[in-house]
Amino acid sequence: MFHALSDRTRRDILRRVLAGEHSVTALAARYQMSFAAVQKHVAVLERAGLLTKRRSGREQLASGDVQAVRSVASMLDELEAVWRGRVARIDALLT
Amino acid sequence: MPVTDITKDAERRTLVITAEFAAPVERVWALYDDPRQLEQVWGPPEYPATFVDHLLSAGSRSTYFMTSPEGERFAGYWDITGVERPVRFTFRDGFATADLTPDPNLPVSENEFAFAPTPTGTRAVYTSTFGSAEALEKVLEMGMEEGARTAIDQIDGFLAGSARPV
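Just so you know, these numbers come straight off a predicted model, no measurement behind them.

Participant: I'm lost on the overall build of chain B in this one. Help?
Facilitator: If you tally the helices and strands in chain B, you get four helices and eight strands. Ordered by position from N to C terminus, the α and β elements of chain B give β-β-α-α-β-β-β-β-β-β-α-α. Once local pairs closer than 6 in sequence are excluded, the contacts in chain B between residues at least 24 apart make up 40%.

Okay, here's the thing in structure tokens:
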């Protein structure tokens, strides 16, 4: 899941599909790279469970899974909260 | 505020917390040297930590357990991998079974705690890295459910800090 979010293009794709369903063709037109390369990024996001695809005629439509993205962010947020608690206790003990 | 910077690196599954303390490096180090002080800060107040073994020395294994409000114990260990007194130490933090034996089936995090002097005291940089997203998830599942309580802790820390005589 973290790997899926590590690439700037992937994060950009994810931002777009979280805002609403996009065809892979429309996404590909946004980037200076081949359709196949964009498709690969979409596939990584799909495998990570961050994005879902459905077919509509000849088009592949991609949308973001808001829930899954929240869970990655919230894991790091939770860990941050643990550390903020520790730092506050250290500060209280030292002063 | 003691926490001055937070960096979350999703790619490396790493969290870096930078904090400034109004105490010299030696004082901050002493906190980690002394299991009785360390246990006051490691676990949240509702899950007090007890360090059974603790020696800040490379190759040494520290063992501890945290006790839930219901009296349930969650054990863990630190394998100390490097010590540069008083500026830096590194360790692997993992879960242990009830008899304090490391549980190889549970995830381990790599940690670096580094301390540098500043004009007003100490800058501490805490780095924690998890091997996988699943490992991070597991760690959060298992007893680090401190999130919601942290705001209260911070206020407590602040009050304790500001209530002291100047």
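Participant: Is there a simple way to think about the pairing of strand 7 (residues 108-118) of chain B in this case?
Facilitator: Looking down a regular strand, the side chains alternate between one sheet face and the other. Residue and element names in this part refer to chain B. The pairing of strand 6 (residues 88-96) with strand 7 spans seven bridges and is classified as antiparallel. Among the inter-strand pairings, arginine 88 is bridged to a residue of strand 7, identified as alanine 114. Here strand 7 pairs with strand 8 (residues 121-130) via 10 bridges, running antiparallel. Bridge pairing links phenylalanine 113 to tyrosine 126 in strand 8. The antiparallel hairpin formed by strand 7 and strand 8 contains two residues in its connecting segment.

Participant: What should I look at first to understand the pairing of strand 8 of chain B in this one?
Facilitator: The pairing of strand 2 (residues 14-21) of chain B with strand 8 of chain B spans eight bridges and is classified as antiparallel. Among the inter-strand pairings, Leu15(B) is bridged to a residue of strand 8 of chain B, identified as Ser128(B).

Participant: What's the story with the sheet that holds strand 6 of chain B in this structure? I'm lost.
Facilitator: Backbone-to-backbone hydrogen bonds join strands into a sheet, with any given pair of strands oriented parallel or antiparallel. Residues and elements named next belong to chain B. Spatially, 1-2-8-7-6-5-4-3 is the arrangement adopted by the eight strands of the open sheet, whose pairing is antiparallel. Lying at the two open borders of the sheet, with one neighbouring strand each, are strand 1 (3-9) and strand 3 (49-53). The sheet shows a mean angle of 20° between the axes of neighbouring strands, direction not considered. Seen against the sheet, helix 1 (residues 25-33) touches strand 2, strand 7 and strand 8 and runs at an angle of roughly 155° to strand 7. Here helix 2 (residues 35-42) sits on the sheet in contact with strand 3 and strand 4 (61-67), set at roughly 145° to strand 3.

Rules and cut-offs
Residues numbered from 1 in each chain as written. Chains lettered and ligands numbered in written order. Predicted model: local features only at pLDDT ≥ 70, side-chain atom pairs only at ≥ 80, totals over all residues. Helix = DSSP H or I, 4+ residues; strand = E, 2+ residues; numbered from the N terminus. Contact = placed C-beta atoms within 7 Å. Pairing = 2+ DSSP bridges. Axes fitted to C-alpha atoms, helices over the stretch in contact; angles between N-to-C directions.

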